[in-house]
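These are the residues of each chain, in order.
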Amino acid sequence: MDGLIKGLVNAAIDHIQGGGNDDDDNRDDVEQRSRSSWAQVVSGDPEDHEGSNPSNTDHNSRLSSHNRREENYHENQTSWGRRPAMTAQKVEESYQENQTSWGRQPAMTAQKDDDTNNDGWETAHKKPSRQHHKVPIDQRNNYKRPAGEQHYSDEVDCGAKMEPSEEELADVSKAINKLWELDLNRLVPGKDYEIDCGEGKKVYQKDDMAEGSLFSWLSEEIFRKPTYSRFCSLLDNYNPHEGYKEVVTSEERQEQAAFIEEISRTAPIKYLHKYLSAKGIASGSYQEFKGMIMSLWFDLYGRGGTSSCSSAFEHVFVGEIKRGEQEVSGFHNWIQFYLEEAKGRVDYQGYIFPRRRGQIPDSETQLLTVQFEWNGVLKSVSSTLVGVSPEFELAIYTLCFYVGGEDNHVELGPYPVNIKCYRHGNKLGSAFPIADS
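Criteria and thresholds
- Residues numbered from 1 in each chain as written.
- Predicted model: local features only at pLDDT ≥ 70, side-chain atom pairs only at ≥ 80, totals over all residues.
- Heavy atoms only, no water.
- Salt bridge = Lys/Arg side-chain N within 4 Å of Asp/Glu carboxyl O.
- Buried < 20%, exposed > 50% of the residue type's maximum accessible area, 1.4 Å probe, protein only.
- Phe/Tyr/Trp six-rings, centres within 6.5 Å; stacked < 30°, edge-to-face > 60°.
- Helix = DSSP H or I, 4+ residues; strand = E, 2+ residues; numbered from the N terminus.
- Contact = heavy atoms within 4.5 Å.
- Pairing = 2+ DSSP bridges.
- Axes fitted to C-alpha atoms, helices over the stretch in contact; angles between N-to-C directions.
- Parallel < 35°, antiparallel > 145°, perpendicular 65-115°, else oblique.
- Left-handed = near helix turned anticlockwise from the far one by under 90°.
- Patch = residues over 30% accessible without salt bridge, like charges linked within 9 Å, V, L, I, M, F, W, Y side chains within 5 Å.
- Areas by Shrake-Rupley, 256 points an atom, 1.4 Å probe, with all protein chains shown as cover.
- Lys, Arg positive; Asp, Glu negative; His and termini not counted.
- Charge placed at Lys NZ, Arg CZ, Asp CG, Glu CD.
- Core = buried A, V, L, I, M, F, W, Y, C linked by side-chain atoms within 4.5 Å.

Per the stated rule, a full pass over the model turns up 16 salt bridges. Between Lys191 and Asp192 there is a salt bridge, and its shortest N-O distance comes to 3.7 Å. The class for Asp192 is buried, based on a relative accessible area of 11%. Arg224 serves as the salt-bridge partner of Glu221, at 2.9 Å between the closest nitrogen and oxygen. Residue Arg224 is classed as exposed on the basis of its relative accessible area of 56%. If you follow the salt bridges from partner to partner, you end up with Glu155, Glu261, Arg265, Lys270 and Lys290 in one network.

Pasting the structure below:
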């Protein structure tokens, strides 16, 4: 009996000790898995150009066909190298719930990020961020007032330079080069801003070839220029997702009208009116001409199967994210690029190698072909004119739409450029510059 009792006691002790060892092993396993998961988190494991032919039928099909043509134009760029991104539905929900994500409210600053990440860890591959430059809020509120109640710049008087010559009327390329000369608000590299192009890449390469941002700095004085500040006030008026109907408020319409009124006082727009008027395309009335420009750039039309979801201004200057395809289309304006990069929404990936050797871009270059991500969605190739004024870009694209073709080979100062212009029915579908080979 004593032996039996001793045996039972020993068995009980062994069971208790064995259970404790199993718990230790389990805790070790959980701890190991936890460390492994954290290591994965820290290590970070793993053009577009959307117009259509002039036909008024089957626009969406032709738009899709144009996308393929323009992608081939840029060395068969594809969505290779695209990083995982939020679905359009998820991003749209985020847009509706928190408009800060899309620029209607001030973005979180780098300092704020530092405050919320004070455990000693540093985010892998995080590029230097820059403070978002904002148009003063009191000025923004003024821009929302009726156009007739606002204050504008004085009219520019360039005398005889405003009259297009017979040579310019006969050759649109000469007229566009004249607009380059008349862009009095164009910025000077090194004086008004500085860019760092980083390293170059082929369109299909996945690697991020830029160690930092494209823009090193931009003078805050630029945003005190009337056409620049009014242009900036329009950029947050849009839902960037293709296929979602835009709702334009009365205040936004007033911002649009005020922008058109402001640029109509500049040399490029005055020349554009005289040119189109001489061609019999625009009315001799400057007021009617302004209405025509307003309609061309801001009237809503369908894209991606949904009506009233896009406009020429949104597509060309602001940019859109294609529904379902998770690809950026449009987005050809350097000011929008700068502001979105300053907010941390644009990740510059490097410039695309030029077709001709010996033309590597530098800090002085004002015609760039680049690759970037916008809100985590890839734009495999995009070209933009850096430092030009809003009125200049609007003027050259308007001129190409009314008197040019799909390809418009021109000289812009030192740059041989092909200005691509695509129609979306009787609307302006897309317009952008590319370096001419």
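Picking up after the structure, the text goes on.
Further remarks concern the packing of aromatic side chains. Geometrically, a pair of aromatic rings is defined through the distance of the ring centres and the angle of the planes. Enumeration according to the criterion identifies 28 aromatic pairs in this entry. Considering the side-chain rings of Phe231 and Phe317, the 5.6 Å spacing of their centres and the 85° angle between planes classify their relative orientation as edge-to-face. Of this pair, Phe231 sits in helix α8 (residues 226-234) while Phe317 sits in helix α12 (residues 312-318), placing them 86 residues apart in sequence. This pair shows no difference in class: Phe231 is buried, exactly as Phe317 is.

One non-glycine residue, Phe331, lies in positive phi territory at about 60°. Tracing the chain through its elements places Phe331 in the loop between β7 (328-329) and α13 (334-342). Overall, Phe331 belongs to the buried group, its relative accessible area being 1%. One non-glycine residue with positive phi stands out, namely Asn375, at about 50°. Mapped onto the elements of the fold, Asn375 is located in the loop between β9 (367-374) and β10 (377-385). For Asn375, a relative accessible area of 23% puts it in the partly exposed group.

The next point concerns the side chain of His273. Structurally, the position occupied by His273 is in helix α10 (residues 267-278). You can call His273 buried: its relative accessible area is 9%. Setting aside anything within four residues of it in sequence, one finds His273 in contact with Ser283, Gly284, Ser285, Tyr286 and Phe289.

Right, let's talk about the pairing of strand β8 (residues 346-352) for a bit. Burial analysis of β8 places seven of its seven residues in the buried class, which makes it a mostly covered element. Across two bridges, strand β2 (residues 200-201) lies against β8 in parallel orientation. Each bridged residue has a counterpart across the sheet, and for Gly200 the counterpart in β8 is Tyr351. The sheet contact formed by β8 and β9 spans five bridges and is antiparallel. Across the sheet, Asp347 pairs through a bridge with Glu373, a residue of β9.

Turning next to the sheet that holds β2. Read from one edge to the other, the open sheet built from four strands follows the order β2-β8-β9-β10, with strand pairing classed as mixed. Of all strands in the sheet, those bounded by a partner on one side alone are β2 and β10. Its contacts with the sheet place α13 against β8, β9 and β10, and it is angled at close to 130° to β8.

Let's shift gears to the pairing of strand β13 (residues 427-435). In terms of residue burial, β13 counts as a mostly covered element, since seven of its nine residues are buried. Relative to β13, strand β12 (residues 415-424) is paired through eight bridges, and the arrangement is antiparallel. Counterpart to Lys420 in the pairing with β13 is Phe432.

As a further point, take the packing of helix α7 (residues 172-182) against α10. Here α7 crosses α10 at 155°, and the two axes come no closer than 9 Å. When the axes of α7 and α10 are compared, the pair comes out roughly antiparallel. Crossing handedness for the pair α7 and α10: right-handed. The segment α7 lies against α10, with Val172, Ala175, Lys178, Leu179 and Leu182 engaging Ala267, Pro268, Tyr271 and Tyr275.

With that settled, consider a negative patch on the surface. Residues Glu194, Asp196, Glu199, Glu211, Asp362 and Glu364 make up a contiguous surface patch of negative charge. Mapping Glu364 onto the fold places it in the loop between β8 and β9.

A word on the environment of Trp180. Its place among the elements puts Trp180 in helix α7. Between the C-alpha atoms of Trp180 and Pro268, which are 88 residues apart in sequence, the distance is 8.2 Å. Those residues in contact with Trp180, other than ones at most four positions away along the chain, are Arg186, Gln366, Val388, Phe392, Leu412, Gly413, Pro414 and Tyr415.

Turning our eyes to something else, we now look at the sheet that holds β13. The antiparallel open sheet is built from three strands, whose spatial order is β11-β12-β13. Sheet topology places β11 (407-412) and β13 at the edges, where each strand pairs with a single neighbour. Strand-to-strand twist in this sheet, taken as the mean axis angle between neighbours without regard to direction, amounts to 25°. Lying on the sheet, α7 is in contact with β11 and β12; it crosses β11 at an angle near 40°. Packed on one face of the sheet, helix α14 (residues 390-403) meets β11, β12 and β13 and runs near 65° to β12.

Note on placement: Lys178 falls in helix α7. Residues contacting Lys178, with those up to four places away along its chain left out, are Lys161, Glu163, Glu168 and Tyr271.

In this structure, Ile176, Phe215, Phe259, Trp297, Phe313, Trp334 and Leu399 are the most contacted members of the largest nonpolar core, which totals 83 residues. Element by element, the count of residues in this core is highest for α14, at eight residues. Residues within four places of Ile176 in sequence aside, it is in contact with Phe392, Ile396, Leu399, Cys400, Val410, Leu412 and Ile419.

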